[in-house]
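Here's the letter readout for the chains.
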Amino acid sequence: MINIQKITCIGAGYVGGPTMSVIAQKNPNVEVTVVDLNQQRIAAWNDENLENLPVYEPGLDAVVGEARGRNLFFSTDVDKAIDEADMIFISVNTPTKTYGKGKGQAADLKYIELCARQIATVAKSDKIVVEKSTLPVRTAEALKSILDHTGNGVNFHILSNPEFLAEGTAVTDLHNPDRVLIGGEDAEAIEALVQVYEAWVPRERILTTNLWSSELSKLVANAFLAQRVSSINAISELCEVTGANVDEVAHAIGKDSRIGSKFLKASVGFGGSCFQKDILNLVYIARSYHLNEVADYWEQVILLNDHQKTRFAERIIKNMYNTVNGKQIAFLGWAFKKDTNDTRESAAIYVADHLLDEEANIIVYDPKVSAEQIYRDLDYLGTRSPEENRRLVTVVSTADQAVNGSHAVAILTEWDEFKHYDWAKIKENMKRPAFLFDGRKLLHGVELQKIGFSYYAIGE
Ligand SMILES: NC(=O)C1=CN([C@@H]2O[C@H](COP(=O)(O)OP(=O)(O)OC[C@H]3O[C@@H](n4cnc5c(N)ncnc54)[C@H](O)[C@@H]3O)[C@@H](O)[C@H]2O)C=CC1
Ligand SMILES: O=C(O)[C@H]1O[C@H](OP(=O)(O)OP(=O)(O)OC[C@H]2O[C@@H](n3ccc(=O)[nH]c3=O)[C@H](O)[C@@H]2O)[C@H](O)[C@@H](O)[C@@H]1O
């Protein structure tokens, strides 16, 4: 039996940080070290003030507070951590390729390969290498090839252990997962990882499969989830023209236990670092095997999502008399969903970009996202100069500052606090007619109309 005493995780991001914190919390006898090349990120993980952790997740501060310094460590010394570990998780980013073959679709595996090469160079004793990052099916083959060609006599076992946590609920998802998935070929290595999870996850929820099923299941899980959002979003457009209400439709169909009620909330479009990236990757893989119908089918999930973001922006423009030039539009929310400071692929970025093309003035308030991040997101698109983005977009630290004097309010993220605002008072301080575009169908339309808002929600 392989007894795991030291775990290293390469990559201290949204997955590596929370996942390893919980593993350390639940396995006090295992020493867990999370390493990253990004010194600033590691410094933030080590910050005495737990409010400054680089990832905002409800409950994470308590977990880190319990384990850090006891058996949880954050460091930039990657070589030392590799050398000492029995088990190494690779949890680095795997973004969509922005160059060369597969540009715009395939996963960029350069960070994964760098990790494999570093492990191969540094390791002097046998290691279990765990793919935690989301990877194309059959990546373990490439990893194995790199690791096995070191010639230093070290044995490597590769496991696939994809992560299913969602941001904003990472700690509860990790504490109470629907399932943990472990793919591998070597029974002893699989059992070693099962034992780490068995410290808190019931055995029947730990699924073991072959490597390829595990790698592929992760892409498929995200594709199915995103497909549900695109399906209900497609119906939201139909609701808007027929007088049906998308929440009522979602409720009615969700009562069918074969369909289920979760993940049927219509929105301005899904965001986040993974749905789009993973579906694009799935599409790329299908096409590379010449499965064009399969590829087209899944690609439609992305096309519909792009359409949803575009049509939300266009609905704003159309209802504001076909021009937003010089008008002040308050954005409530910038994060891709509530309870996270993550803005990757957030619908807000694309809606803003569309409105800025029409010379709108946007004032953004998000409870957790910094002004620097918002400007970085817009600058990254490269649509206009950084100076122009700063001229047209203002970021403020209270909702009042955003809405006062605005022509319109647009809700982009479903933060709970927006539900509890005094909307009658907000309307008093806005220009007339006061427009409210609810991209999350978060508020009570009838009440807002009574207050006097011109209220438009996704799907009604
Ligand atoms: N964000 C999420 O909610 C989820 C993400 N995933 C997957 O997990 C993986 C990681 O995602 P995130 O944590 O969101 O990414 P992230 O970008 O937040 O973190 C990745 C970290 O890896 C570090 N890194 C890259 N190369 C390195 C190297 N050679 N040595 C040391 N550090 C290195 C980067 O500096 C960065 O801090 C991706 O494959 C993603 O698809 C899976 C489930 C959920
Ligand atoms: O691989 C990943 O990165 C993760 O991707 C998603 O998690 P995440 O992106 O953090 O958040 P979700 O709750 O899935 O939301 C994704 C997007 O869909 C939107 N959404 C979600 C649900 C819904 O009913 N409607 C809807 O518009 C959200 O607002 C958000 O923009 C999956 O839920 C996780 O299981 C997975 O591990």
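Residues numbered from 1 in each chain as written. Chains lettered and ligands numbered in written order. Predicted model: local features only at pLDDT ≥ 70, side-chain atom pairs only at ≥ 80, totals over all residues. Heavy atoms only, no water.

Peer 1: Outline the overall build of the protein chain, supporting the account with residue identities and numerical values.
Peer 2: Check the secondary structure of the protein chain and you find 18 helices and 14 strands. Scaling as 2.2 N^0.38, a compact globule of 460 residues should have a C-alpha radius of gyration of about 23 Å, and the protein chain matches this with 24 Å. For the protein chain, the residues scored as buried account for 53% of the 460 residues in total. Here the analysis covers contacts within the protein chain between residues at least 6 apart in sequence; of these, 75% occur between residues at least 24 apart. Counting only carbon and sulfur atoms, one obtains 50% of the accessible surface of the protein chain, whose full area is about 20300 Å². Here the protein chain holds 48 positive side-chain charges and 63 negative ones, and the gap between their average locations is 3 Å. (Helix = DSSP H or I, 4+ residues; strand = E, 2+ residues; numbered from the N terminus. Rg over C-alpha atoms; globule rule 2.2 N^0.38 Å. Buried < 20%, exposed > 50% of the residue type's maximum accessible area, 1.4 Å probe, protein only. Contact = heavy atoms within 4.5 Å. Areas by Shrake-Rupley, 256 points an atom, 1.4 Å probe, with all protein chains shown as cover. Lys, Arg positive; Asp, Glu negative; His and termini not counted. Charge placed at Lys NZ, Arg CZ, Asp CG, Glu CD.)

Peer 1: An account of the site of ligand 2 is requested, with residue identities and associated values reported.
Peer 2: In the neighbourhood of ligand 2, 20 residues make up the surrounding shell, with Phe164, Leu165, Glu167, Ser267 and Arg440 lying closest. Glutamate 167 places a polar main-chain atom, nitrogen or oxygen, 2.7 Å from an oxygen atom of ligand 2. The separation between an oxygen atom of ligand 2 and a polar side-chain atom of asparagine 222 is 2.8 Å. Taken by itself ligand 2 offers 700 Å² of open surface, and the protein chains cover 89% of this. At four residues, helix α9 (residues 211-242) tops the list of elements feeding residues into the shell around ligand 2. (Near = heavy atom within 4 Å. Polar contact = N/O pair within 3.5 Å; in protein donor to acceptor, adjacent residues only side chain to side chain.)

Peer 1: An account of the pattern of salt bridges is needed here, citing residue identities and associated values.
Peer 2: What the rule picks out here adds up to 32 salt bridges. Residue glutamate 113 pairs with arginine 117 through a salt bridge whose shortest N-O separation is 2.7 Å. One end of the pair, glutamate 113, and the other, arginine 117, are both in helix α5 (residues 110-122), four residues apart, so they sit about a helical turn from each other. The salt bridge involving arginine 287 is made with aspartate 296; its shortest N-O contact spans 3.1 Å. (Salt bridge = Lys/Arg side-chain N within 4 Å of Asp/Glu carboxyl O.)

Peer 1: Requested: an account of the sheet that holds strand β8 (residues 206-209), with residues and values cited.
Peer 2: Read across the open sheet, the eight strands follow the order β3-β2-β1-β4-β5-β6-β7-β8; overall the sheet is mixed. In this open sheet, the two edge strands, each paired with only one partner strand, are β3 (72-75) and β8. Going from strand to strand, the sheet's axes swing by 25° on average, the running direction of each strand aside. Pairing geometry for strand β7 (residues 180-184) and β8, over four bridges, is parallel. Among the inter-strand pairings, glycine 183 is bridged to a residue of β8, identified as threonine 209. (Pairing = 2+ DSSP bridges. Axes fitted to C-alpha atoms, helices over the stretch in contact; angles between N-to-C directions.)

Peer 1: Summarise the site of ligand 1; cite the residues concerned and give the values.
Peer 2: Every one of the 25 residues lining ligand 1 counts as a neighbour, but Asp36, Arg41, Thr94, Glu167 and Lys277 are closest to it. Threonine 94 is positioned such that a nitrogen or oxygen atom in its side chain is 2.6 Å from an oxygen atom of ligand 1. A distance of 2.8 Å is found between a nitrogen atom of ligand 1 and a side-chain nitrogen or oxygen belonging to glutamate 167. The protein chains hide 92% of the 830 Å² of surface that ligand 1 would expose on its own. A per-class count over the shell around ligand 1 returns nine nonpolar, nine polar and seven charged. (Nonpolar A, V, L, I, M, F, W, Y, C, P; charged D, E, K, R; others polar.)

Peer 1: Outline the pairing of strand β6 (residues 156-160), supporting the account with residue identities and numerical values.
Peer 2: Burial analysis of β6 places four of its five residues in the buried class, which makes it a mostly covered element. Pairing analysis gives five bridges linking strand β5 (residues 127-131) to β6, with the strands arranged parallel. Residue isoleucine 128 lies in a different strand from β6, and its bridge partner there is histidine 157. Relative to β7, β6 runs antiparallel, the two being bridged by two bridges. Its bridge partner lying in β7, leucine 159 is registered against glycine 184.

Peer 1: Which residues make up the environment of glutamate 358, and what values go with them?
Peer 2: With respect to the helices, strands and loops of the structure, glutamate 358 is situated in the loop between α13 (347-357) and β10 (361-365). Classification of glutamate 358 as partly exposed rests on a relative accessible area of 37%. Here the alpha-carbon distance between glutamate 358 and glutamate 447, two residues 89 residues apart in the chain, equals 31 Å. Excluding residues within four positions of it along the chain, glutamate 358 makes contact with Ile317, Val324 and Asn325.

Peer 1: A description of the side chain of serine 273 should follow, citing residues and the corresponding values.
Peer 2: Mapped onto the secondary structure, serine 273 falls in the loop between α10 (246-254) and α11 (275-288). Once you skip the residues sitting within four places of it in the chain, serine 273 turns out to touch Glu167 and Arg344.

Peer 1: Mind laying out helix α1 (residues 16-26), listing which residues take part and the relevant values?
Peer 2: Counting buried positions along α1 yields 10 of 11 residues, so the element is predominantly enclosed. For α1, the set of buried residues is Gly16, Gly17, Pro18, Thr19, Met20, Ser21, Val22, Ile23, Ala24 and Gln25.

Peer 1: Go over the confidence of the model for the protein chain, please, and point to the residues and values.
Peer 2: Across the protein chain, pLDDT averages 97, with 100% of residues at or above 70. ipTM for the predicted complex: 0.98, alongside a pTM of 0.96. (pLDDT = per-residue confidence, 0-100.)

Peer 1: Residues and numbers for the sheet that holds strand β14 (residues 454-457), please.
Peer 2: With parallel pairing, six strands are arranged side by side in an open sheet as β11-β10-β9-β12-β13-β14. The strands lining the two open edges of the sheet, one partner per strand, are β11 (393-395) and β14. Ignoring strand direction, the axes of neighbouring strands in this sheet form an average angle of 20°. Sheet topology places strand β9 (residues 328-332) next to β10; five bridges connect them, and they run parallel. Bridge assignment links phenylalanine 331 to a residue of β10, and that residue is valine 364. In the packing of helix α12 (residues 292-319) onto the sheet, contacts are made with β9, β12 (408-411), β13 (435-438) and β14, and the angle to β13 comes to roughly 165°.

Peer 1: I'd love a proper account of the nonpolar core, names of residues and values included.
Peer 2: Ile329, Phe331, Leu332, Trp334, Leu355 and Trp423 are the most contacted members of the largest nonpolar core, which has 63 residues in total. Broken down by element, this core gets its largest block of residues, seven residues, from α13. Aside from chain neighbours lying at most four places away, what touches leucine 355 is Ala313, Ile316, Ile317, Val324, Ile329, Phe331, Ala360 and Ile362. Core analysis: the next-biggest nonpolar cluster, separate from the first, contains 43 residues, Tyr14, Val32, Met87 and Leu174 among them. (Core = buried A, V, L, I, M, F, W, Y, C linked by side-chain atoms within 4.5 Å.)

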